[in-house]
Amino acid sequence: MPDIPDEKFRIVGIGENAGEILARKRISYWQDAWRRFRENKIAVVAAVILVVMIFFIIFGPMISGYEFEQIDNTAINQGPSMKHWFGTDNLGRDLFARVWQAGRVSLIIGLVGAFVASIVGSIYGGIAAYFGGVVDDVMMRIVEILLSVPYLLFVILISVITDSKSLGTMLVALTLTGWCGIARIVRGQMLQLKSQEFVLAANALGVSPIRIILKHMIPNTMSLIIVAITFDIPGYIFSEAFLSYVGLGIQAPQTSWGALCAAAQQNFMFYPYQLLFPGIMIALTMLSFTLLGDGLRDALDPKQRKYREARQWKIRKKSWKWRISMCLFIPMQGKSRRYVELILS
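We now turn to the structure provided with this report. (Residues numbered from 1 in each chain as written. Predicted model: local features only at pLDDT ≥ 70, side-chain atom pairs only at ≥ 80, totals over all residues. Heavy atoms only, no water.)

A separate point is unusual backbone geometry. Residue asparagine 77 is not a glycine yet carries a positive backbone phi of 55°. Topologically, asparagine 77 is positioned in the loop between helix H2 (41–64) and helix H3 (95–131). (Helix = DSSP H or I, 4+ residues; strand = E, 2+ residues; numbered from the N terminus.)

Let's shift gears to the packing of helix H1 (residues 29–39) against helix H12 (residues 273–300). Axis separation between H1 and H12 bottoms out at 8 Å; the angle between their running directions is 130°. As judged from the angle between their axes, H1 and H12 are oblique. With respect to the hand of their crossing, H1 and H12 are arranged in right-handed fashion. For the pair H1 and H12, contact is made by Tyr29, Trp30, Ala33, Arg36 and Phe37 and by Leu292, Gly295, Leu296, Asp298, Ala299 and Leu300, respectively. When its residues are assigned to classes, the contact of H1 with H12 shows eight nonpolar, one polar and two charged. (Axes fitted to C-alpha atoms, helices over the stretch in contact; angles between N-to-C directions. Parallel < 35°, antiparallel > 145°, perpendicular 65-115°, else oblique. Left-handed = near helix turned anticlockwise from the far one by under 90°. Contact = heavy atoms within 4.5 Å. Nonpolar A, V, L, I, M, F, W, Y, C, P; charged D, E, K, R; others polar.)

This part takes up empty space enclosed by the protein. Overall, the coordinates contain one cavity of 30 Å³ or more when judged by the stated rule. A volume near 30 Å³ is recorded for the largest cavity. Taken together, Leu50, Met53, Ile54, Ile57, Leu107, Thr285 and Phe289 make up the full set of residues lining the largest cavity. In terms of residue count, H2 provides more of the lining of the largest cavity than any other element does, four residues in total. Across the lining of the largest cavity, the residue classes break down as six nonpolar, one polar and no charged. (1 Å grid on protein atoms, 1.4 Å probe; cavity = no way out; pocket = protein on both sides within 12 Å on 5 of 7 lines; lining within 4 Å. Points joined across faces, edges and corners; volume = space filled by probe spheres on them.)

What follows is about the packing of aromatic side chains. Counted by the stated rule, this structure contains 11 aromatic pairs. When the ring of phenylalanine 86 is compared with that of phenylalanine 96, the centres are 5.0 Å apart and the planes differ by 70°; the resulting orientation is edge-to-face. In this pair, phenylalanine 86 is assigned in the loop between H2 and H3 and phenylalanine 96 in helix H3, connecting sequence segments 10 residues apart. Across the pair, phenylalanine 96 and phenylalanine 86 agree in class, each one buried. Each member of the aromatic cluster is reached from another via a ring pair, and the members are Phe55, Phe56, Phe59, Trp85, Phe86, Phe96, Trp100 and Phe277. (Phe/Tyr/Trp six-rings, centres within 6.5 Å; stacked < 30°, edge-to-face > 60°. Buried < 20%, exposed > 50% of the residue type's maximum accessible area, 1.4 Å probe, protein only.)

What follows concerns the layout of surface pockets. Here the idea is plain: a probe the size of a water molecule rolls over the atoms and shows the empty space left. Volume-wise, the second largest pocket comes out at about 330 Å³. Residue assignment for the lining of the second largest pocket shows that the elements contributing at least two residues are H3 and helix H11 (257–264). By residue number, the principal contributor to the lining of the second largest pocket is H11, which donates five residues. When the residues that make up the lining of the second largest pocket are grouped by side-chain class, the tally is nine nonpolar, seven polar and three charged.

Summarising the element assignment, threonine 255 is placed in the loop between helix H10 (222–245) and H11. A relative accessible area of 2% means that threonine 255 is categorised as buried. Beyond its immediate stretch of four places on either side in the chain, threonine 255 contacts Arg98, Gln101, Ala102, Val105, Ile250 and Leu260.

Structure follows, in structure tokens:
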């Protein structure tokens with residue numbers, strides 16, 4: 001075979017520096033999380049619902065044209081109409097304005113309570129995980145003791161001591177033990193981070209423990225904290241609604257969704273709309289925050305999402321095989337079940 005000269009060949013494909021070219025644009029962790037979050041349609045819809053509700057909570061009382069405590073004796077217990085979109089209550093007050101005004105109180109309690117609990121719980125859990133040993137044992141036993149006491153008891157005690165049922169009293173009572181759950185979550189994550197190289201390097205350089213916890217460990221658990229906040233917000237809103245419903249929450253002239261439900265339950269058989277609208281707001285807010293938290297968990301921690309999807313597929317696969325094996329096993333009574341399972345494997 002004759003020799004083919006080298007000039008007959010040319011390089012086609014990867015050049016000398018082609019290996020250094022990125023296949024796609026480099027994106028950060030948060031950009032990648034945002035991309036995964038947008039792919040979750042249910043979480044996006046929940047976020048849109050929350051944005052719409054927040055808009056009406058801020059501007060709803062102004063849109064209605066009525067003050068939330070304005071009494072009209074000529075419009076008592078009127079149903080929804082063009083004049084009063086959600087109807088009126090037993091004092092003639094516009095329910096559209098009152099529902100959105102009540103949403104301000106409920107949302108403030110949910111957001112502020114969740115953020116305060118996350119800050120306190122993160123610092124507390126970080127200190128317990130960093131120092132470990134006896135410090136960790138004592139701090140976690142304190143958490144377990146606080147979790148064993150019902151929060152309703154704290155609400156009653158604080159209300160009696162302060163002789164007040166204001167918004168601040170409610171926040172103090174709910175956050176007094178609300179941070180314990182986040183503290184346990186953060187502690188578990190930081191026990192893993194404690195042995196990482198960047199923490200050991202900071203220790204070797206003489207960085208103070210508080211700075212290591214605040215600057216190195218807590219930022220690396222931020223995804224877990226954000227997800228925990230979104231799951232805690234509906235819990236605080238429901239707790240406030242329950243306390244207001246039983247008479248331990250916000251008192252007049254202020255109102256909340258729970259207080260509106262408590263006032264409407266007496267006339268529910270005759271005026272169901274008075275309970276319907278605040279009840280829908282509570283359910284919609286809690287559902288939206290829960291779905292949003294689930295979407296954030298999948299976006300910020302893709303490993304957990306893959307694990308759950310694989311587990312769900314395994315369950316579905318087993319269920320499918322079981323149904324097929326039953327369909328084959330019934331007419332094949334002369335065959336053994338082991339033979340049927342061998343066919344499906």
